[in-house]
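So the chains spell out like this:
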Amino acid sequence: GFVPGLFGTSHGALQFMAYEDLKMRYNTYRNRVSDTKLNTVEYIMMAAVSKIFAVSATYPYQVVRARLQDQHNTYSGVFDVIHRTWR
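Because the structure is predicted, anything quoted here is derived from the model rather than measured. (Residues numbered from 1 in each chain as written. Predicted model: local features only at pLDDT ≥ 70, side-chain atom pairs only at ≥ 80, totals over all residues. Heavy atoms only, no water.)

Caption draft 1: Just the UniProt feature "repeat: Solcar" (unreviewed entry) in the protein, in detail. Per the UniProt annotation, the sites labelled "repeat: Solcar" (unreviewed entry) are residues 38-87. With 78% helix and 0% strand, the stretch residues 38-87 has end C-alpha atoms that lie 44 Å from each other. (UniProt positions renumbered as here; feature names shortened; annotations may be inferred. Helix = DSSP H or I, 4+ residues; strand = E, 2+ residues; numbered from the N terminus.)

Shown next as structure tokens:
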């Protein structure tokens, strides 16, 4: 479970990347300078959408990591966990 645990750091990176990209695209759509500050509602919407994206991309790895760390089941590796979970 240690190696898959290292992938957990990607969650924050994906969220930050998505937030910055959404903010830039939104400001371009509104014909504003790309680094214009968002108002409260815009900020909440960009943060929520970027969080949903990051969770959707990284949650499946969380399941694999948790199952690898489970002491009550034995798996032969990551692919075995994925296969048995999918089944």
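Caption draft 2: Up close: helix 3 (residues 40-69). Look at helix 3: 40 Å from first C-alpha to last across 30 residues, which is about the 44 Å you get at 1.5 Å a residue. Maximum bend of helix 3: about 40°, positioned at threonine 58, with proline proline 60 one to four residues after it. Here helix 3 has its buried residues at Glu42, Met46, Ser50, Ala54, Thr58, Tyr61 and Val64. You can read the cap of helix 3 off the contacts: a side-chain oxygen lies 3.1 Å from the backbone nitrogen of valine 41, and it is on asparagine 39. (Expected span 1.5 Å × (residues − 1). Bend = angle between axes of the 7 residues up to and from the residue. Buried < 20%, exposed > 50% of the residue type's maximum accessible area, 1.4 Å probe, protein only. Polar contact = N/O pair within 3.5 Å; in protein donor to acceptor, adjacent residues only side chain to side chain.)

Caption draft 3: Highlighting the confidence of the model for the protein. For the protein, the average pLDDT comes to 85, and 94% of its residues sit at 70 or higher. Looking over the protein, one finds the lowest element-wise mean pLDDT in helix 1 (residues 2-6), namely 67, and the highest in helix 2 (residues 10-29), namely 93. (pLDDT = per-residue confidence, 0-100.)

Caption draft 4: Spotlight on the environment of arginine 25. Inspection of the secondary structure assignment puts arginine 25 in helix 2. Measuring from C-alpha to C-alpha, the distance between arginine 25 and valine 64 comes to 34 Å, with 39 residues separating the pair along the chain.

Caption draft 5: Summary view of the pattern of salt bridges. Applying the stated criterion across every chain, the model contains 4 salt bridges. The shortest N-O distance in the salt bridge between arginine 32 and glutamate 42 comes to 3.3 Å. Linking arginine 32 in the loop between helix 2 and helix 3 with glutamate 42 in helix 3, this pair joins segments that are 10 residues apart in sequence. Note on glutamate 42: relative accessible area 9%, which makes it buried. The closest approach of N and O atoms between arginine 84 and aspartate 80, which form a salt bridge, is 3.4 Å. Of this pair, arginine 84 and aspartate 80 both sit in helix 4 (residues 78-86), separated by 4 residues, roughly a single helical turn. (Salt bridge = Lys/Arg side-chain N within 4 Å of Asp/Glu carboxyl O.)

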